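# Structural characterization, general
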Amino acid sequence: QVQLVESGGGLVQAGGSLRLSCAFSGRTFSTYPMGWFRQAPGKERELVAAISWRPGYTYYLDSMKGRFTISRDNGKNTVYLQMNSLKPEDTAVYYCAAANVYSDYQNVKGYRYWGQGTQVTVSS
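How each quantity is defined
Residues numbered from 1 in each chain as written. Predicted model: local features only at pLDDT ≥ 70, side-chain atom pairs only at ≥ 80, totals over all residues. Heavy atoms only, no water. Helix = DSSP H or I, 4+ residues; strand = E, 2+ residues; numbered from the N terminus. Buried < 20%, exposed > 50% of the residue type's maximum accessible area, 1.4 Å probe, protein only. Contact = heavy atoms within 4.5 Å. Areas by Shrake-Rupley, 256 points an atom, 1.4 Å probe, with all protein chains shown as cover. Polar contact = N/O pair within 3.5 Å; in protein donor to acceptor, adjacent residues only side chain to side chain. Salt bridge = Lys/Arg side-chain N within 4 Å of Asp/Glu carboxyl O. Pairing = 2+ DSSP bridges. Axes fitted to C-alpha atoms, helices over the stretch in contact; angles between N-to-C directions.

The number of helices and strands found in the protein is zero helices and 11 strands. In terms of overall dimensions, the protein has a C-alpha envelope of 40 × 30 × 25 Å along the principal axes. For the protein, with 124 residues in total, the buried portion stands at 44%. By sequence separation, contacts in the protein at least 24 residues apart represent 58% of the contacts at least 6 residues apart. Counting only carbon and sulfur atoms, one obtains 46% of the accessible surface of the protein, whose full area is about 6400 Å².

Next up, the structure:
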């Protein structure tokens, strides 16, 4: 059974940076596409960044391009989300998720394993 544990959230001022980490266990990490989602109060959950099991393939929501970077370390079974130039509108609970093995990392409906979420709050 896949288990995901996020860490790294917190309170930061606008313009600051945070790095989220997600520790994966239970299966072979390198075969799973991984994504970071977020959900703000009153809004739907959205995929902000994703990374394929294939090297070099990543996806970003347009508003994240140039500010957020997703990466994975298959040796550490961990996926990261580096968030720079944070804005108050980035405030949300951020969730790590794993899709089906060898599946399309951009297919939102394919994500089946979820972490508990970590709060990111950006103050103005």
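The next subject is the environment of Y105. Summarising the element assignment, Y105 is placed in the loop between β9 (92-99) and β10 (111-114). For Y105, a relative accessible area of 10% puts it in the buried group. When the C-alpha positions of Y105 and S52 are compared, they lie 5.3 Å apart, and in sequence the two are 53 residues distant. Engagement of the side chain of Y105 in a polar contact is seen with the side chain of Q106, the distance being 3.5 Å.

Applying the stated criterion across every chain, the model contains four salt bridges. Note that E46 and R38 form a salt bridge whose closest N and O atoms lie 2.8 Å from each other. In this structure, the salt-bridge partner of R38 is D90, at a minimum N-O distance of 2.9 Å. One end of the pair, R38, is in strand β4 (residues 34-39); the other, D90, is in the loop between β8 (78-83) and β9, with 52 residues separating them in the sequence. Of the two residues, R38 and D90, neither departs from the other in class, the shared state being buried. Beyond isolated ion pairs, a larger network of salt bridges with shared partners links R38, E46, R67 and D90.

Next up on the list: the sheet that holds strand β1 (residues 3-7). Here we have four strands laid out as an open sheet, ordered β1-β3-β8-β7, and antiparallel in their pairing. Single-partner strands in this sheet number two, and they are β1 and β7 (68-73). Across the sheet, the mean angle from the axis of one strand to that of its neighbour is 15°, orientation sign disregarded. The pairing of β1 with strand β3 (residues 18-25) spans five bridges and is antiparallel. Residue pairing across strands places S7 opposite S21, the latter belonging to β3.

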